[in-house]
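# Analysis of the macromolecular model
What follows is each chain in one-letter form.
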Amino acid sequence: MSETSCLHICHACVCPEFTSCRYPVHFHMMGDTSFTSWVANCSIHHTWNRGVTIHGTHQVHVRHTTAFVTTGHTFFLEDGVEYGNIFEGNCGFLTQVSNGMLITDNNPATFWMTNPNNTLIGNHAGGSLEGFGFWYHLDDNPGGASKTYSICPKYETMGVFKNNLAHSNQFYGLRIHPEYYQQSCPCCGQWNLTPARFEGLIGYKNGVNCVVATQVRQALHSCWLYVQPGRIHTVIGML
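Residues numbered from 1 in each chain as written. Predicted model: local features only at pLDDT ≥ 70, side-chain atom pairs only at ≥ 80, totals over all residues. Heavy atoms only, no water.

### A few points about the state of the cysteines
Applying the stated rule across the entire model yields two disulfides. One disulfide bridge connects C152 with C187, the sulfur atoms lying 2.1 Å from each other. Disulfide C152-C187: torsion about the S-S bond near 130°, hence right-handed. Residue C152 is found in the loop between strand 13 (132-136) and strand 14 (160-162), and its partner C187 is found in the loop between strand 16 (172-180) and strand 17 (196-199); the two are separated by 35 residues along the sequence. Accessibility expressed as a relative area gives 9% for C152, which makes it buried. According to the relative accessible area criterion, C187 is partly exposed, its value standing at 34%. Two residues, C185 and C188, share a disulfide whose sulfurs are 1.5 Å apart. The partly exposed category is assigned to C185, whose relative accessible area is 29%. (Disulfide = S-S within 2.5 Å. Helix = DSSP H or I, 4+ residues; strand = E, 2+ residues; numbered from the N terminus. Buried < 20%, exposed > 50% of the residue type's maximum accessible area, 1.4 Å probe, protein only.)

### Here we look at the nonpolar core
Within the largest apolar cluster, 36 residues are counted, with the highest numbers of intra-cluster contacts made by Y136, F161, L174 and F198. Contributions of two or more residues to this core are made by strand 3 (25-40), strand 5 (52-63), strand 7 (75-77), strand 10 (109-113), strand 13, strand 16, strand 17 and strand 19 (209-216). Beyond its immediate sequence surroundings of up to four residues, L174 is in contact with F134, Y136, F161, F198, L201, C210, V211, V212 and W224. If you look at the next biggest cluster of nonpolar residues, it comprises seven residues, including F76, W112, F132 and Y172. (Core = buried A, V, L, I, M, F, W, Y, C linked by side-chain atoms within 4.5 Å. Contact = heavy atoms within 4.5 Å.)

### Re the side chain of D79
Relative to the assigned elements, D79 resides in the loop between strand 7 and strand 8 (86-88). No salt bridge forms around the buried D79; measuring N to O, its nearest opposite-charge neighbour R50 is 9.8 Å away. A polar side-chain atom of D79 sits 2.6 Å from a polar atom in the side chain of H55. A polar side-chain atom of D79 sits 2.8 Å from a polar atom in the side chain of S146. Not counting chain neighbours up to four residues away, the residues in contact with D79 comprise H55, T114, P142, G143, G144, A145 and S146. (Lys, Arg positive; Asp, Glu negative; His and termini not counted. Salt bridge = Lys/Arg side-chain N within 4 Å of Asp/Glu carboxyl O. Polar contact = N/O pair within 3.5 Å; in protein donor to acceptor, adjacent residues only side chain to side chain.)

No statement about biological role is implied by the geometric values presented.
The structure is reproduced here in structure tokens:
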């Protein structure tokens, strides 16, 4: 069991751009921490390389932390194997483009989720330049140092997405792309879909739409408020 904490700390102008594994806050390959590791009440600003990165680590609690003027995906799950982490009451503003990390960092998300089995409650994503507030980017299997075929993110059980706010992002407040089909047995190869719930999203002044979902099935939404035209854009499937 590992234990790490970060409380009432300010990180500014840290971590060089174009350098992997060098982030203001980085939980690296720690396995299941059983919530003995956490980040709370921190300020992270004017960084060149993300904000809070969780890599190969599970059940970390990130709460009441603000990230301002960061580069690349900011609250970041790295490989897609990460599960059970909680992001609660965090704020991210002015997420900037990076040309030196992932290709997707050219259109960065303030909250980048590579496994749906995590919890996001009461977070605020505003002003992602050239990008998105929340992005669920779910692949067939995790990659990188956590590469495995025993976990299947795009079929995994949904954790909690509730009462989050997305505004003033260049494109979308919430993006589910490329695919998400929640199943009761994610890696069994059986087409047994179960509903995935996205609840209580507030979105306004996003450049294109509040929400885009590319290929999804049975992704349910409830109690959403949009203060702008162009509400939900679904390419294939239903939301």
